[in-house]
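# Structural features, examined
For reference, the chains in residue letters:
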Amino acid sequence: MSLEALKQHYEQIKNVHMRDMFAQDHNRAAKFSVRLDSESDFMVFDYSKNRVTEETMNLLLRFAREKQLNEHIEAMFRGDAINTTEKRAVLHTALRNLTGTPVLVDGKNVMPDVMAVLAHMREFSSAVRSGRWLGYTGKPITDVVNIGIGGSDLGPVMVTEALKPYSGQIRAHFVSNVDGTHIAEVTKKLNPETCLFIISSKTFTTQETMTNAASARSWWLDHTHAPEMVKRHFVAVSTNTKAVREFGIDTANMFEFWDWVGGRYSLWSAIGLSICLSVGYEWFEELLRGAEAMDRHFRTAPLEQNIPVLMGMLGIWYNDFFHCESHAVLPYDQYLHRFAAYLQQLDMESNGKHIRLDGSPVEVPTGAVVWGEAGTNGQHAFYQLIHQGTHVIPADFVMPLETHNPVGPHHAMLMSNCIAQTEALMVGKSLETVKAELRAEGKLSASEIEVLAPHKTFDGNRPTNTIVLRKVTPRSLGMLIALYEHKVFVEGIMWGINSFDQWGVELGKVLAKAILPELTAPSFAHGHDASTNALIDLVRSKMAPSAR
Ligand SMILES: O=P(O)(O)OC[C@H]1O[C@](O)(CO)[C@@H](O)[C@@H]1O
């Protein structure tokens, strides 16, 4: 069994320093890099600065084969109901299957419906962007507001921010939080004559989204007194036609998607309408093409050359063997400043699971805590802990070679920082080197050097991946996002969990619904624990008329 072999191998390798691995193998960088081209874009996945040898990778891939990873990949693409707890297929890959090759769900080819919705998105976004779609006073739309949360928000926000250089005249806004401040601050910037609300919710029942949507409609009606014109200013993206109609949205302006698209995998569906409106359908399609290129690679490349597989198996290596609990994602491009927030849902909602597919408890920790920050900002905040803290935190550095804003020396500085960080994390700085430097400076006594030097040493041997892109373009972004989707899938398969449900968010939702009426109830709360009762009463003292 490769698991046993991996355990033994881990014991042999756990203290080996990457510095020595590089010294012993001058070909290491080339050996542990994979390049994927797609038209004029490319991605280079350099995983040479990881605590692995060829034997490690061979054993990890043998482990993947034992878990029948290839068969699982095929089952997902084929449309099998791999989301077993919800009895659903998982087919975000069909959304970017632009060749239109049939994909069957319960014997029905879903591709004609996928293409029809894409055509609807193309037609609608072109009408709005060209000024043909008019508001109730005959003026073109200037501002689009996506109202959604979780997967109906994070993907569109992240992509819209990442593709700002491709955006046109339409300003995109996003409201997600049920905190009234969010909708209030966004509506302050809007003209009711020229704004368009997209209510994005797979279920069309999510409390936050439906509350924000109702408040947006009230705000709009208060300003316009034109209920018959709601249809010009509100459209919906959902799987729930009945609820969309009940909300008062013309179902001709509803963009459909399907239960086989998971919320956090939905930016490729009509949930991407705000992206389309911001950058235009052509660039949206380029995003899909980038993801499609990664899908093809994931489905066909041998495991040894398969970037999502390699990345996922490195995740398994650090999680299962080194017991690393968190994973940093560090994009060196300001346009990717929401990338880590987006990945938090993708990874943590997918793989934060304690039960395996067969109902038994998982045997290893699952799902790293994902976090990160763009560019050099993180260096001046939390990198200290990554360099010298007691936790080993594997990190992904995303490094686009070209910038959209070639301002003076900025880009060279950004790149040099990115590369320097991966080098420093790998090589570290030994006690002897630090002491020698301090002695050469000649400012401190020998005893002072003894005390100071350990503070200035870096163990190094901190693992990083470097993901090099030509530039942040719609195509390369599509590749990048799909890479992480598939990496999360690989890890989920290895842990034997269902990466596509999210029961863990339900309990809080149910309890919040129960607590809501208690906040304005005439009597003290008593049905909870003492802390919860007291907190409810504190809010009640501000809200319940009889308690004032
Ligand atoms: O699109 P909906 O149905 O409003 O759901 C929003 C989000 O809520 C969740 O179901 C749970 O937070 C996410 O998975 C989903 O992305």
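Residues numbered from 1 in each chain as written. Predicted model: local features only at pLDDT ≥ 70, side-chain atom pairs only at ≥ 80, totals over all residues. Heavy atoms only, no water.

Time to look at the overall build of the protein. Of the regular secondary structure elements, the protein holds 22 helices and 13 strands. Here the protein has a C-alpha radius of gyration of 26 Å; the compact-globule value for 548 residues is 24 Å, and the two agree. Expressed as lengths along the three principal axes of its C-alpha atoms, the size of the protein is roughly 80 × 60 × 55 Å. For the protein, the residues scored as buried account for 53% of the 548 residues in total. The long-range share in the protein, meaning contacts at least 24 apart out of those at least 6 apart in sequence, stands at 73%. Element-wise, carbon and sulfur atoms account for 55% of the exposed surface of the protein, whose accessible area totals about 24,100 Å². (Helix = DSSP H or I, 4+ residues; strand = E, 2+ residues; numbered from the N terminus. Rg over C-alpha atoms; globule rule 2.2 N^0.38 Å. Buried < 20%, exposed > 50% of the residue type's maximum accessible area, 1.4 Å probe, protein only. Contact = heavy atoms within 4.5 Å. Areas by Shrake-Rupley, 256 points an atom, 1.4 Å probe, with all protein chains shown as cover.)

The next subject is the domain arrangement of the protein. Splitting the protein by domain gives domain 1 (1-14 + 46-67 + 301-501), domain 2 (92-284) and domain 3 (506-543). The centre of domain 1, based on its C-alpha atoms, is set 42 Å off from the matching centre of domain 3. (Domains from an automatic or database assignment.)

The full count for this structure, using the stated rule, is 29 aromatic pairs. Judged by centre distance (6.1 Å) and plane angle (75°), the ring pair of Phe197 and Trp219 falls under edge-to-face. Placement of the pair is Phe197 in strand β7 (residues 195-200) and Trp219 in helix α9 (residues 207-224), with a sequence separation of 22 residues. The two residues Phe197 and Trp219 agree in class, both being buried. Consider the rings of Trp220 and Phe234, whose centres lie 6.2 Å apart with planes at 85°: the pair is edge-to-face. Linking Trp220 in helix α9 with Phe234 in strand β8 (residues 234-238), this pair joins segments that are 14 residues apart in sequence. A relative accessible area of 0% places Phe234 in the buried class. (Phe/Tyr/Trp six-rings, centres within 6.5 Å; stacked < 30°, edge-to-face > 60°.)

Right, let's talk about the sheet that holds strand β13 (residues 464-469) for a bit. What the 6 strands build is an open sheet, ordered β1-β2-β13-β12-β10-β11; its pairing is mixed. The sheet terminates laterally at β1 (33-38) and β11 (369-372), the two strands that pair on one side only. Across the sheet, the mean angle from the axis of one strand to that of its neighbour is 15°, orientation sign disregarded. In this fold helix α20 (residues 474-495) packs onto β1, β2 (41-46), β10 (326-331), β12 (395-400) and β13, with an angle of close to 35° to the strand it touches most, β2. (Pairing = 2+ DSSP bridges. Axes fitted to C-alpha atoms, helices over the stretch in contact; angles between N-to-C directions.)

Throughout the structure, instances matching the rule amount to 35 salt bridges. For the salt bridge of Glu246 with Lys242, the shortest nitrogen-to-oxygen distance reads 3.4 Å. You can see Glu246 and its partner Lys242 sitting in helix α11 (residues 241-247), 4 residues apart, about one turn around the helix. Taken together, the salt bridges that share partners define one network made up of Arg122, Glu282, Glu285 and Arg289. (Salt bridge = Lys/Arg side-chain N within 4 Å of Asp/Glu carboxyl O.)

A few words now on a nonpolar patch on the surface. A cluster of nonpolar side chains, contributed by Leu535, Leu538, Val539 and Met543, occupies part of the molecular surface with about 360 Å² of accessible area. Of the residues examined, Met543 reaches a relative accessible area of 41% and is grouped as partly exposed. (Patch = residues over 30% accessible without salt bridge, like charges linked within 9 Å, V, L, I, M, F, W, Y side chains within 5 Å.)

Near the ligand, the surroundings consist of 14 residues, among which Ser152, Ser201, Thr203, Thr206 and Glu349 are the closest. The contact in question runs from an oxygen atom of the ligand to an N or O atom on the backbone of Gly151, over 2.7 Å. Note that an oxygen atom of the ligand is positioned 2.8 Å from one of the backbone N or O atoms of Lys202. In isolation the ligand offers 390 Å² of accessible surface; the protein chains occlude 87% of this area. Residues of the shell around the ligand, tallied by class, amount to 2 nonpolar, 9 polar and 3 charged. (Near = heavy atom within 4 Å. Polar contact = N/O pair within 3.5 Å; in protein donor to acceptor, adjacent residues only side chain to side chain. Nonpolar A, V, L, I, M, F, W, Y, C, P; charged D, E, K, R; others polar.)

Looking now at the pairing of β11. Sheet topology note: the β10/β11 ladder contains 4 bridges and is parallel. Looking across to β11, one finds that Ser326 is bridged to Val369. Where the polypeptide runs from β10 across helix α15 (residues 339-351) and back to β11, its parallel neighbour, the crossover connection is right-handed. (Right-handed = clockwise from strand over helix to strand, strands pointing away.)

Strand order in this open sheet of 5 strands is β6-β5-β7-β8-β9, and the pairing throughout is parallel. On the outer flanks of this sheet lie β6 (171-175) and β9 (254-256), each paired with one strand and no other. Going from strand to strand, the sheet's axes swing by 20° on average, the running direction of each strand aside. Here strand β5 (residues 143-147) runs beside β7; their pairing, made up of 5 bridges, is parallel. Looking at β7, one finds that Asn146 is bridged to Ile198. Relative to β7, α9 is tilted by about 160°, and along the sheet it contacts β5, β6, β7 and β8.

Every disulfide links exactly two cysteines, by a covalent bond between their sulfur atoms. Within this structure, the stated rule accounts for 0 disulfides. In this model Cys195 remains outside any disulfide bridge; the closest cysteine sulfur is found in Cys276, 19 Å from its own. Residue Cys195 is classed as buried on the basis of its relative accessible area, which comes to 0%. Note on Cys276: relative accessible area 0%, which makes it buried. (Disulfide = S-S within 2.5 Å.)

This part is about the nonpolar core. Counting residues in hydrophobic clusters, the biggest one holds 116 residues, and the most contacted among them are Trp260, Leu273, Met313, Trp317 and Phe339. It is α20 that contributes the most residues to this core, 13 residues altogether. Two domains each donate at least three residues to this core, and these are domain 1 (1-14 + 46-67 + 301-501) and domain 2 (92-284). When neighbours within four sequence positions are excluded, Phe339 is seen to be in contact with Met158, Val329, Pro331, Leu480, Ile481 and Tyr484. Within the second largest apolar cluster, 24 residues are counted, among which are Val186, Met210, Ala226 and Ala236. (Core = buried A, V, L, I, M, F, W, Y, C linked by side-chain atoms within 4.5 Å.)

Moving on: the side chain of Glu491. Secondary-structure assignment places Glu491 in helix α20. Relative accessible area serves as the criterion here: at 4%, Glu491 is assigned to the buried category. Apart from the residues lying within four places of it in its own chain, the contact partners of Glu491 are Gly312, Gly315, Ile316, Asp347 and Asn351.

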